[in-house]
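What the coordinates show
Each chain, letter by letter, is given below.
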Amino acid sequence: MLLPSSPPQGLSEPEAIARLSAEGPNALPDSQRRSSLHIVAEVLREPMFALLVGAAVLYGLLGELTDALVLLCFACASVSIAVVQETRSERVLESLRDLTSPRALVIRSGERRRIAGRDVVREDVVVIATGDRVPADARVICANDLYADESLLTGESVPVQKRADGSTLVFSGTLIVRGTGVGVVIATGVRSQIGQIGHSLVGMPVEKPRLQAQTQRVVLWAAVVGALVSVLAAVLYGMIHGEWLQALLAGIALGMSVLPEEFPLVLTVFMVMGAWRLSRANVLTRRPPAIETLGAATVLCSDKTGTLTENRMSVALIRGADSQWQLGDSPGGLDASAVLKRIVEAADLASVPESSDPMDLAVAALGSRSIPHSRRELVRSYPLTPELLAVTGVWRVPDRAAVAAAKGAPEAIARLCHLNGRESGALLAQVDELGARGMRVLAVATCADIPERLPDAPTQFHFKYLGIIGFADPVRAGVPQAVDECRAAGIRVVMITGDYPVTARAIAEQAHIDTASVVCGDELDALSDEALRRRAAHVAVFARINPQQKLRIVQALKANGDVVAMTGDGVNDAPALKAAHIGIAMGGRGTDVAREAASLVLLDDDFSSMVHAIRQGRRIYDNLRKAMAFIVAIHVPIAGLAILTIASGHELLLTPMLIALLELIIDPACSVVLEAEREEPDVMTRPPRNPDARLLSRSVIGWSLMQGLMALGVVSTVFLVASRRGGIEFTEVRTVTYVSLILTIVVLVLTNRSFSTSLRMVLAKPNPTMWWGLAAAVGVLGLMLSLDRLRDFLTLGPLHPHDLAVLAGVALVLMFLLQTLKRVWHSRLWL
């Protein structure tokens with residue numbers, strides 16, 4: 001290993017900002033980003049826009065130029081609303097992409113900072129370690145047993161060793177599989193090696209999410225049915241009235257009333273806003289389908305360190321052959337013991353250089369009792385491996401012989417020191433004693449007899465056992481409550497840790513996790529897949545587990561029919577994260593490869609954030625189901641009225657212009673108002689939903705059709721009664737029916753706000769967005785009816801106060817009936 005002669009200072013912040021502005025971000029072109037023109041083009045291809053334009057053309061042919069212009073204005077307004085919402089969603093996605101992009105650890109002005117990979121600039125000093133994706137092409141200036149997987153560029157799967165010889169490079173996008181290092185960036189973005197072949201990495205087809213495919217099928221079927229019905233209605237109208245241009249208008253109006261074009265918009269808005277809401281709770285969404293899966297999770301597998309615990313290790317105890325120091329004792333007691341000072345010195349020498357590991361940092365906090373870094377030189381480091389859970393460092397110290405120090409799992413140190421059975425038993429007994437107190441225990445050893453030619457493995461040194469160090473890592477304050485909340489929600493929390501069973505059990509008890517049975521890694525290896533499947537159904541604590549065994553645990557849980565959410569942070573956790581239904585990577589301490597394999601990223605590494613994400617996932621899915629139910633329900637009375645007036649021989653009741661006005665109410669109601677609804681009171685006290693259940697299940701469709709048919713019955717009754725009253729014009733009939741339809745929309749919005757059967761709760765639930773939206777709708781309706789010119793232009797008549805009172809009463813009766821029917825359908829809506 002070569003170290004720089006002096007610690008690198010890196011660029012200053014102003015230099016980095018200026019270079020980023022001049023050379024651009026460290027990113028490849030992204031084909032998934034949509035420009036404003038692209039969004040406009042997509043909206044213009046929507047069927048509703050074509051129907052509005054077609055109606056405007058027909059009005060022009062009929063000589064109604066004003067009507068044609070107004071309809072074109074409505075078309076533009078519809079496009080504008082969709083473009084604004086889609087652009088807003090794109091901006092949210094852009095910010096989420098920035099947050100979920102690979103992170104880079106850089107040195108600027110002599111200080112380490114973790115920044116987004118896209119903000120790395122040329123001549124930045126980057127620090128890389130096992131599990132990191134190299135953020136940019138860089139020249140290696142410091143290497144400690146550094147190996148990189150360059151198969152992305154070369155196709156060769158054998159890792160390549162990187163030495164700090166002044167010419168060795170590491171390349172953007174490659175994976176560090178072993179060791180640590182420091183490099184100076186020489187190329188970023190499209191100027192890097194991977195950037196030059198970037199066209200092969202972007203624009204690849206992506207499978208559509210399940211919900212998107214479902215909604216597109218519904219819209220397609222509705223479009224086909226709507227087109228057939230519209231053609232038949234137009235023919236029927238033309239045959240009855242003999243006015244074929246008006247017949248085409250009638251057909252267009254019916255098509256507009258039948259087509260549920262809100263589905264794609266609602267799905268996009270809910271998924272994007274859901275990801276945004278999760279990000280505010282420190283959970284980033286890398287894959288949108290994970291949002292819909294969150295509500296179905298039945299098992300939540302969590303790491304212990306840093307997720308259930310605070311990951312703020314502190315040295316709680318140091319024990320040697322004949323002396324001991326523990327937290328709370330005087331620091332002088334530690335300084336007075338030569339044995340304890342040797343343990344601290346050896347533990348510091350065995351720590352990874354420039355480490356961010358909490359236990360290494362805890363040992364470094366006692367560094368005043370060790371050899372100063374300026375007076376020692378690292379000759380070689382032997383990193384931790386799955387075969388030997390210990391780290392060894394060989395150092396050259398002036399005026400002293402070279403020394404090797406090892407620190408790691410007690411059984412690994414016992415192996416290095418060749419302890420006999422009695423000695424190993426005594427060591428493990430101490431581990432059990434401290435583990436029962438919730439401590440994590442490492443053993444320390446040293447070797448002063450260093451051969452001139454260093455061996456290939458640390459097992460070839462003649463180590464001498466020194467003692468043990470106990471580390472305390474308290475359980476996070478909100479974890480017990482979060483675990484209890486999961487249990488109430490029908491979610492089983494499983495802790496998977498590399499710690500000893502005694503320590504794992506102690507932490508699990510503090511976290512309120514079931515400790516009736518604990519399975520260790522050795523026991524797990526002895527189990528067949530079928531036996532493990534049976535055990536996994538009842539075990540909530542797995543101890544001494546390595547990353548490869550995590551995959552078997554996930555597969556066993558999935559074989560039991562569980563929907564598994566899994567946390568991980570290391571390179572070897574990636575297979576388990578990928579295999580889980582919901583992979584959750586750690587944002588703070590997680591490696592890039594773990595984040596790439598995960599669906600979600602926890603920014604704060606906190607277990608409580610995972611539980612909050614599940615709560616939000618259930619809320620998002622509930623609200624999406626409410627919005628879809630509302631869309632289906634509201635199109636029934638609109639389409640029914642259009643068919644009724646045509647079949648009864650009346651002139652067109654709902655003109656394209658009036659339907660366009662309704663759409664300006666419906667679109668915000670389903671995409672903004674219902675998205676902002678708070679969660680149901682029982683959101684975390686009901687069992688997880690069936691993951692195979694469709695968003696528009698039979699129960700939801702049945703409930704929607706029942707709402708729609710009851711609403712149709714109300715507005716149809718209003719229309720028929722009004723049309724048979726003598727002495728009134730058809731414009732007044734249209735007005736009474738149209739106002740009744742708007743009040744019906746309000747009733748359906750209020751009905752679908754909550755799955756609760758309580759009318760009081762429905763009205764009392766806070767949602768400022770809804771009340772502002774209703775106020776705006778009432779204001780627009782008031783203008784339509786009070787301004788004579790506008791009313792005449794829309795071919796509406798006056799509305800008398802007693803008619804309005806009757807309509808309001810009918811709407812209240814409809815709401816009461818729908819709330820009563822919820823008692824029958826309430827339990828089915830979760831299926």
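Residues numbered from 1 in each chain as written. Predicted model: local features only at pLDDT ≥ 70, side-chain atom pairs only at ≥ 80, totals over all residues. Heavy atoms only, no water.

Section: the overall build of the protein chain
Looking only at helices and strands, the protein chain has 30 helices and 22 strands in total. Considering the protein chain as a whole, with its 831 residues, one finds that 52% of them fall into the buried category. Partitioning the intrachain contacts of the protein chain with sequence separation of at least 6 by distance along the chain shows that 73% fall at a separation of at least 24. Put simply, the protein chain shows about 35500 Å² of open surface, and 59% of that area lies on carbon and sulfur atoms. (Helix = DSSP H or I, 4+ residues; strand = E, 2+ residues; numbered from the N terminus. Buried < 20%, exposed > 50% of the residue type's maximum accessible area, 1.4 Å probe, protein only. Contact = heavy atoms within 4.5 Å. Areas by Shrake-Rupley, 256 points an atom, 1.4 Å probe, with all protein chains shown as cover.)

Notes on the sheet that holds strand 10 (residues 314-319)
Spatially, the seven strands line up as an open sheet ordered 11-10-16-15-14-13-12, and their pairing is antiparallel. Each end of this open sheet is capped by a strand with a single partner; those strands are strand 11 (324-326) and strand 12 (377-382). Across this sheet, the average inter-strand angle for adjacent strands is 25°, counted without regard to direction. Looking at chain direction, strand 10 and strand 16 (residues 464-472) are connected through five bridges and run antiparallel. (Pairing = 2+ DSSP bridges. Axes fitted to C-alpha atoms, helices over the stretch in contact; angles between N-to-C directions.)

Thoughts on helix 23 (residues 607-647)
Here helix 23 spans 61 Å end to end across 41 residues, near enough to the 60 Å set by a 1.5 Å rise per residue. Of all 41 residues in helix 23, 35 are buried, a share of seventy percent or more. Here helix 23 starts with a cap whose side-chain oxygen sits 3.0 Å from the backbone nitrogen of serine 608, and that cap is aspartate 606. (Expected span 1.5 Å × (residues − 1). Polar contact = N/O pair within 3.5 Å; in protein donor to acceptor, adjacent residues only side chain to side chain.)

A closer look at unusual backbone geometry
The phi dihedral of serine 109 falls on the positive side, at around 55°, and the residue is not glycine. Relative to the helices and strands, serine 109 resides in the loop between strand 1 (103-108) and strand 2 (111-116). Its identity as a non-glycine residue notwithstanding, histidine 418 has a phi of 55°, on the positive side. Here histidine 418 is to be found in the loop between helix 14 (410-416) and helix 15 (421-435).

Let's talk about the packing of helix 26 (residues 730-751) against helix 28 (residues 768-786)
In contact at an axis separation of 12 Å, helix 26 and helix 28 are set at 180° when each is read in the N-to-C sense. Relative to helix 28, the element helix 26 lies roughly antiparallel. Facing Thr735, Tyr738, Val739, Ile742, Val746, Val749 and Leu750 of helix 26, the residues of helix 28 in contact are Met770, Leu774, Leu781, Met784 and Leu785. In the contact of helix 26 with helix 28, the residues fall into 11 nonpolar, one polar and no charged. (Parallel < 35°, antiparallel > 145°, perpendicular 65-115°, else oblique. Nonpolar A, V, L, I, M, F, W, Y, C, P; charged D, E, K, R; others polar.)

Points about the pattern of salt bridges
Going through the model one piece at a time under the given rule, you end up with 29 salt bridges. A salt bridge links glutamate 123 to arginine 122; the shortest N-O distance between them is 3.7 Å. Note on arginine 122: relative accessible area 29%, which makes it partly exposed. Here arginine 277 makes a salt bridge to glutamate 675, at a shortest N to O gap of 2.8 Å. Of this pair, arginine 277 sits in helix 9 (residues 262-280) while glutamate 675 is found in the loop between helix 24 (656-673) and helix 25 (698-724), placing the two residues 398 residues apart along the sequence. Arginine 277 gets classed as partly exposed once you look at its relative accessible area, which sits at 22%. By relative accessible area, glutamate 675 is classed as buried at 6%. Via salt bridges that share partners, Glu13, Arg108, Arg113 and Asp124 belong to a single interconnected network. (Salt bridge = Lys/Arg side-chain N within 4 Å of Asp/Glu carboxyl O.)

Some details on the nonpolar core
In this structure, Leu300, Ile513, Ile584, Phe607 and Phe630 are the most contacted members of the largest nonpolar core, which totals 106 residues. When near neighbours in sequence (up to four residues on either side) are disregarded, phenylalanine 630 contacts Ile666, Ala669, Cys670, Leu674, Ile745, Leu748, Val749 and Asn752. With 29 residues, the next largest nonpolar core counts Ala412, Val431, Leu454 and Ile468 among its residues. (Core = buried A, V, L, I, M, F, W, Y, C linked by side-chain atoms within 4.5 Å.)

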